[in-house]
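These are the residues of each chain, in order.
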Amino acid sequence: WEGRFLEAAAIRLYARSEENVKDALQRICMLTPCIVSTVNRLPRLFAVEVSNPDYPRHFAYGAADLLIMDESGQAVPEAGAACFALTKRALVVGDLKQLEPVATIQPQNEIAILARHNAVGEYTYLVDTFKTPSAGSVIAMAQLASSYHDRFGNGLTLLFHYRCVKPIIGYCNRLAYGGHLKAKTGEGADQWPPPLAWVEISGGDCKRSGSWVNEREAREIAAWLRSAWPRIHAEDGGTSTIDKLVAVSSAFRPQIEALRKAIDEAFRDPPKDLPSGT
């Protein structure tokens, strides 16, 4: 295939006609059979120049043999589903139980757009088939249209889990998956801190800049981190800085600011075994 690529490269492709775009993609696949792209970038690879205004084709439709779309539970229909026009077959991988797409349009705007095209009567159908930007996703669309099914419904369900230790995935399994997942990981019994733990801190939350913040929680996290740092540092061998060993996350920007402030204050006088410069 490398030899065929060299032979094909002797013929230069100038215009982005549909034939040339397909030829160029085929040449690339002589070297690598898989092209990796984001949803937003993919159409550019198949874009063509319109040479016949009476028969405009802006993309090389159906040029790909197989489109594999990963994390499709987060893919919005108006971007992800449009990519199906570029392929002969599609394998859609995702999880309806995980993060949903970030909607960029509200239902009232969808209805207004449909009204301009005299298609308001289609709105219920679009919602029921998960094709609306405000409430749909590529994985939901694909599951509904899948030509395969198992005992859980349309599509094929992957039941084996190989990532989180059992206490973590066990919680998710009970919460969202009806106990059907089969964890193939360890128990995590010898880990410290434990694989999954929680601390209840009542009250203290308030709105700030249109978002949420809880400074009491931030101070509690910082205090625990300060007290636990010597052990965390020692178990790692005493060589890494705290930013390499600990991640603190939040869904709200004001809370992130509160956490940074609380942690900075907690480590203002560094512990004796805290590396300099941390």
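Analysis parameters
Residues numbered from 1 in each chain as written. Predicted model: local features only at pLDDT ≥ 70, side-chain atom pairs only at ≥ 80, totals over all residues. Heavy atoms only, no water. Helix = DSSP H or I, 4+ residues; strand = E, 2+ residues; numbered from the N terminus. Rg over C-alpha atoms; globule rule 2.2 N^0.38 Å. Lys, Arg positive; Asp, Glu negative; His and termini not counted. Charge placed at Lys NZ, Arg CZ, Asp CG, Glu CD. Expected span 1.5 Å × (residues − 1). Buried < 20%, exposed > 50% of the residue type's maximum accessible area, 1.4 Å probe, protein only. Contact = heavy atoms within 4.5 Å. Axes fitted to C-alpha atoms, helices over the stretch in contact; angles between N-to-C directions. Parallel < 35°, antiparallel > 145°, perpendicular 65-115°, else oblique. Left-handed = near helix turned anticlockwise from the far one by under 90°. Nonpolar A, V, L, I, M, F, W, Y, C, P; charged D, E, K, R; others polar. Disulfide = S-S within 2.5 Å. Phe/Tyr/Trp six-rings, centres within 6.5 Å; stacked < 30°, edge-to-face > 60°. Lys NZ or Arg CZ within 6 Å of the ring centre and 35° of its normal. Salt bridge = Lys/Arg side-chain N within 4 Å of Asp/Glu carboxyl O. Pairing = 2+ DSSP bridges. Patch = residues over 30% accessible without salt bridge, like charges linked within 9 Å, V, L, I, M, F, W, Y side chains within 5 Å. Areas by Shrake-Rupley, 256 points an atom, 1.4 Å probe, with all protein chains shown as cover.

Caption draft 1: Representation of the overall build of the chain in the model. Looking only at helices and strands, the chain features 11 helices and eight strands. On C-alpha atoms alone, the chain measures out to a radius of gyration of 26 Å, which is more than a quarter above the 19 Å that the 2.2 N^0.38 rule sets for 278 residues. Considered along the principal axes of its C-alpha atoms, the chain spans approximately 75 × 55 × 40 Å. The positive charge centre, built from 31 side chains, and the negative charge centre, built from 32, are 1 Å apart in the chain.

Caption draft 2: Main features of helix H2 (residues 18-31). Spanning 14 residues, H2 covers 21 Å between terminal C-alpha atoms, matching the ideal 20 Å at 1.5 Å per step. Along H2, the residues that are buried comprise Glu18, Val21, Leu25, Arg27 and Met30. Buried positions along H2 lie against helix H1 (2-9) and helix H3 (42-45).

Caption draft 3: Highlighting the environment of threonine 157. Inspection of the secondary structure assignment puts threonine 157 in the loop between strand E4 (153-154) and strand E5 (160-161). Note on threonine 157: relative accessible area 37%, which makes it partly exposed. Between the C-alpha atoms of threonine 157 and arginine 260, which are 103 residues apart in sequence, the distance is 40 Å. Leaving out residues up to four positions away in the same chain, threonine 157 has contacts with Asp150 and Phe152.

Caption draft 4: Spatial organisation of the packing of H1 against H2. Across the interface, H1 lies against H2 with an axial gap of 8 Å and an inter-helix angle of 150°. In terms of their interaxial angle, H1 and H2 are classed as roughly antiparallel. Handedness of the crossing formed by H1 with H2: left-handed. Listed contacts from H2 to Glu2, Arg4, Phe5, Ala8 and Ala9 of H1 are Arg27, Met30 and Leu31. Across the contact of H1 with H2, the residue classes tally to five nonpolar, no polar and three charged.

Caption draft 5: Examining unusual backbone geometry more closely. Note the cis peptide between tryptophan 192 and proline 193, where omega equals -5°. Summarising the element assignment, proline 193 is placed in the loop between strand E6 (182-183) and strand E7 (205-208). One non-glycine residue, asparagine 118, lies in the positive phi region at around 55°. Although it is not a glycine, serine 209 sits at a positive phi angle of roughly 55°.

Caption draft 6: Examining the state of the cysteines more closely. Under the criterion given, the structure shown has zero disulfides. Unpaired in terms of disulfides, cysteine 29 finds its nearest cysteine sulfur in cysteine 34, a separation of 8.4 Å. The cysteine cysteine 83 is free of any disulfide, with cysteine 34 supplying the nearest cysteine sulfur at 14 Å.

Caption draft 7: Summary view of the packing of aromatic side chains. Here the structure, examined in full by the defined rule, presents two aromatic pairs. Here the basic side chain of arginine 4 rests over the ring of tryptophan 1, its NZ or CZ set 4.4 Å away from the ring centre.

Caption draft 8: Seen up close, the pattern of salt bridges. Inspection of every chain in the model, using the stated rule, returns seven salt bridges. Note that glutamate 18 and lysine 22 form a salt bridge whose closest N and O atoms lie 3.5 Å from each other. Of the two residues, glutamate 18 and lysine 22 are both situated in helix H2; the distance of four residues between them amounts to about one turn of the helix. Accessibility expressed as a relative area gives 16% for glutamate 18, which makes it buried. For lysine 22, a relative accessible area of 31% corresponds to the partly exposed category.

Caption draft 9: A look at the pairing of strand E8 (residues 211-214). With four bridges joining them, E7 and E8 adopt antiparallel strand pairing. Looking at E8, one finds that aspartate 205 is bridged to asparagine 214. What sits between the antiparallel neighbours E7 and E8 is a turn of two residues, in which serine 209 has the positive phi angle 55°.

Caption draft 10: Molecular detail of a nonpolar patch on the surface. Taken together, the side chains of Leu66, Ile68, Leu91 and Val93 make up a nonpolar region of the molecular surface, amounting to roughly 340 Å² of accessible area. For leucine 66, a relative accessible area of 45% corresponds to the partly exposed category.

Caption draft 11: Looking closely at the environment of alanine 115. Looking at the element boundaries, alanine 115 is found in helix H5 (residues 107-116). Along the sequence, alanine 115 and asparagine 40 sit 75 residues apart, while their C-alpha atoms lie 27 Å from each other.

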